[in-house]
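Each chain, written out:
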Amino acid sequence: MNKIVKLGMTFDTANAPSFGSIEENPDYPGEYTLLAADISKLNSLLTKSALSAYLANDSEFAVKPGANAIVADEPAVWRYHGKSDRWYEVISND
């Protein structure tokens, strides 16, 4: 079966989820960018529990605790909390 790598994780091509605009920042590995329309995908898809059904057998969940997801079209940053397996909006003074 063919494989595809998305966000540093390997999926079988037939079972690869759509992350929409969520991309890993090439200049800052482990940091992500996305558009506001895809914020809901952070907790509905980009968590260890949600992706476990999609990952290929030889792949592991690649999002590290403390990873940031920067929303490009809103002044918002979300951070992944590993123990709760959830993303939370970070309030910024910027």
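Coordinates for the structure precede this section.
Q: Break down the overall build of the protein for me, citing the residues and quoting the values.
A: Helix and strand counts for the protein stand at two helices and seven strands. For the protein, whose C-alpha radius of gyration is 13 Å, the value lies close to the compact-globule estimate of 12 Å for 94 residues. For the protein, the C-alpha atoms occupy an extent of roughly 45 × 25 × 25 Å along the three principal directions. Every one of the 94 residues in the protein was classed for burial, and the buried ones make up 36%. Long-range contacts, defined as pairs at least 24 residues apart, comprise 44% of the intrachain contacts of the protein with a sequence gap of at least 6. With an accessible surface of roughly 5800 Å², the protein has 50% of that area assigned to carbon and sulfur atoms. With 8 positive and 13 negative side-chain charges, the protein shows a separation of 9 Å between the mean positions of the two kinds.

So, how was this worked out
Residues numbered from 1 in each chain as written. Predicted model: local features only at pLDDT ≥ 70, side-chain atom pairs only at ≥ 80, totals over all residues. Heavy atoms only, no water. Helix = DSSP H or I, 4+ residues; strand = E, 2+ residues; numbered from the N terminus. Rg over C-alpha atoms; globule rule 2.2 N^0.38 Å. Buried < 20%, exposed > 50% of the residue type's maximum accessible area, 1.4 Å probe, protein only. Contact = heavy atoms within 4.5 Å. Areas by Shrake-Rupley, 256 points an atom, 1.4 Å probe, with all protein chains shown as cover. Lys, Arg positive; Asp, Glu negative; His and termini not counted. Charge placed at Lys NZ, Arg CZ, Asp CG, Glu CD.

Shape descriptors only; they carry no functional weight alone.
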